[in-house]
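What the coordinates show
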Amino acid sequence: MKNVIIYTRVSTDEQAKSGYSLSHQKYVLETYCKHHNLNILGHYQDDYSAKDFERPEFNKLLNYCRLNKRIVNLLLFTRWDRFSRNTTDSYNMLRTFDNLGIDTNSVEQPLDLTQPDSKLMLAVYLSSSEIENDKNSIRTKEGMRRAMREGYWVGHPPRGYSRLKTENNKPTLVKNEEAIIIKKIFIDFSSGLYSAESLRKKYYNQIKITKQSFLNLLRGNVYAGKILIKEWRKEESEIVEGIHDPIISEDIFNKVQQLLNKNKKIKIIKEHPDFILRRHLICNECGNKLTGSFSTSRSKKK
């Protein structure tokens, strides 16, 4: 009697949209093992996407197989897309199990991988799953961008806001207790009396935040009631009006941006003794200051 490990997987989206069920997969696998006189050593299940193998239960499964490779004969799942939706990662993982002396197979799409022709069907099963996953990813991205253009916030809520579902079940933002602190931060910075770092330290006990995250906060269009849609494919980035309430006025936000841009560090160019007129001569056509450099050949500077 062969010893097997059974694996079931479903993502939250798949379960909601396609009706995949962990309990049904488990039932199918247990019934198959019973009819084929296979001894089940363990069952592992994940509620994770199959875009890669960074899944908690699958990693436990793999560690178990490495420690018990002499007694595990077979890994079973219902369909190949339950195993993975990434062709390259799938082949690498199959090689890993093969090196452990453990066969892998699907009960609904069984393949004899010792036969060369079966490798063609394996490629079809794996690539079709990856293509479907890519399509879903694109559809999700397009749907998110459409929602953002309508003013909805689709990402993780920023500091000062919490997530709120609207009547049409689209996500937006609602102010939370940190909104008052963030408003004070923007008003203080717009006064021009504080540097970003001194202001971060002033409010650190009320809102613990790193230097870079604090600068990102001060750059956040979301606090002025806007939503930034980043460039994607041939679409340029754009800023649209959000349906959420702003924490600060647009005037204060613009003052903060002006001060941030003004305070950017200017790169100091050291003087070079061979180019004493660099940045002192002005171009007659464009009005820019002229620079200078050596001409070079293959062997040396001239």
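This section reports on the structure supplied with the text.

Procedures and definitions
Residues numbered from 1 in each chain as written. Predicted model: local features only at pLDDT ≥ 70, side-chain atom pairs only at ≥ 80, totals over all residues. Heavy atoms only, no water. Helix = DSSP H or I, 4+ residues; strand = E, 2+ residues; numbered from the N terminus. Buried < 20%, exposed > 50% of the residue type's maximum accessible area, 1.4 Å probe, protein only. Contact = heavy atoms within 4.5 Å. Areas by Shrake-Rupley, 256 points an atom, 1.4 Å probe, with all protein chains shown as cover. Phe/Tyr/Trp six-rings, centres within 6.5 Å; stacked < 30°, edge-to-face > 60°. Lys NZ or Arg CZ within 6 Å of the ring centre and 35° of its normal. Axes fitted to C-alpha atoms, helices over the stretch in contact; angles between N-to-C directions. Parallel < 35°, antiparallel > 145°, perpendicular 65-115°, else oblique. Left-handed = near helix turned anticlockwise from the far one by under 90°. Nonpolar A, V, L, I, M, F, W, Y, C, P; charged D, E, K, R; others polar. Pairing = 2+ DSSP bridges. Expected span 1.5 Å × (residues − 1). Arc of directions from axis to C-beta.

In this section: the overall build of the protein chain. The number of helices and strands found in the protein chain is 10 helices and eight strands. When burial is assessed residue by residue, the protein chain has 37% of its 302 residues classed as buried. Across the protein chain, every contact between residues at least 6 apart in sequence was considered, and the portion connecting residues at least 24 apart equals 60%. Carbon together with sulfur atoms contributes 50% to the accessible area of the protein chain, which is approximately 19,700 Å² in total.

Two aromatic rings, taken as a pair, are described by how far apart their centres are and by the angle between their planes. Within the structure shown, the criterion is met by 11 aromatic pairs. Relative to Tyr 223, the ring of Phe 186 lies with its centre 5.7 Å away and its plane at 50°, an arrangement referred to as tilted. Residue Phe 186 is found in helix H7 (residues 179-190), and its partner Tyr 223 is found in the loop between helix H9 (211-218) and strand S7 (226-229); the two are separated by 37 residues along the sequence. In terms of burial, Phe 186 and Tyr 223 fall into one category: buried. A network of ring pairs unites the aromatic residues Tyr 7, Phe 53, Phe 58, Phe 77, Trp 80, Phe 83 and Phe 97 as a single cluster. The aromatic ring of Phe 58 is capped on one face by Arg 55, whose charged end is 5.4 Å from the ring centroid.

Before going further, it helps to spend a moment on the packing of helix H3 (residues 56-67) against helix H5 (residues 87-99). Across the interface, H3 lies against H5 with an axial gap of 10 Å and an inter-helix angle of 25°. With respect to each other, H3 and H5 are oriented roughly parallel. Where H3 crosses over H5, the handedness of that crossing is left-handed. Of H5, the residues touching H3 (which contributes Phe 58, Leu 61, Leu 62, Cys 65 and Arg 66) are Met 93, Thr 96 and Phe 97. Split by residue class, the contact of H3 with H5 holds six nonpolar, one polar and one charged.

Our focus in this paragraph is the sheet that holds strand S2 (residues 39-46). The strand order S2-S1-S3-S4 describes an open sheet built from four strands, whose pairing is parallel. With partners counted over all chains shown, the strands left at the sheet margins are S2 and strand S4 (103-106), one partner each. On average, each strand axis in the sheet is inclined to that of its neighbour by 20°, with strand direction left out of account. With four bridges joining them, strand S3 (residues 74-77) and S4 adopt parallel strand pairing.

Of note, the phi angle at Asn 37 is positive, near 55°, even though the residue is not glycine. Note that Asn 37 resides in the loop between helix H2 (22-35) and S2. Among the residues examined, Asn 37 registers a relative accessible area of 49% and is labelled partly exposed. Its identity as a non-glycine residue notwithstanding, Arg 233 has a phi of 55°, on the positive side. As for its placement among the helices and strands, Arg 233 is situated in the loop between S7 and strand S8 (238-241).

Given a rise of 1.5 Å per residue, 13 residues ought to cover 18 Å, and the 18 Å separating the end C-alpha atoms of helix H10 (residues 250-262) matches this to within 8%. Taken residue by residue, H10 has Ile 252, Phe 253, Val 256, Gln 257 and Leu 260 as its buried positions. Here the buried residues of H10 occupy an arc of 140° about the axis, which is enough to place them on one side. Exposed and facing more than 90 degrees away from the buried side of H10 are Asp 251, Gln 258 and Lys 262. Buried-residue contacts for H10 involve H7 and H9.

What follows concerns the environment of Lys 165. Take Lys 165: it is sitting in strand S5 (residues 161-165). By relative accessible area, which is 49% here, Lys 165 ends up partly exposed. For the pair Lys 165 and Tyr 152, spaced 13 residues apart in sequence, the C-alpha to C-alpha distance is 9.8 Å. Discounting chain neighbours no more than four positions away, the residues touching Lys 165 are Lys 170 and Pro 171.

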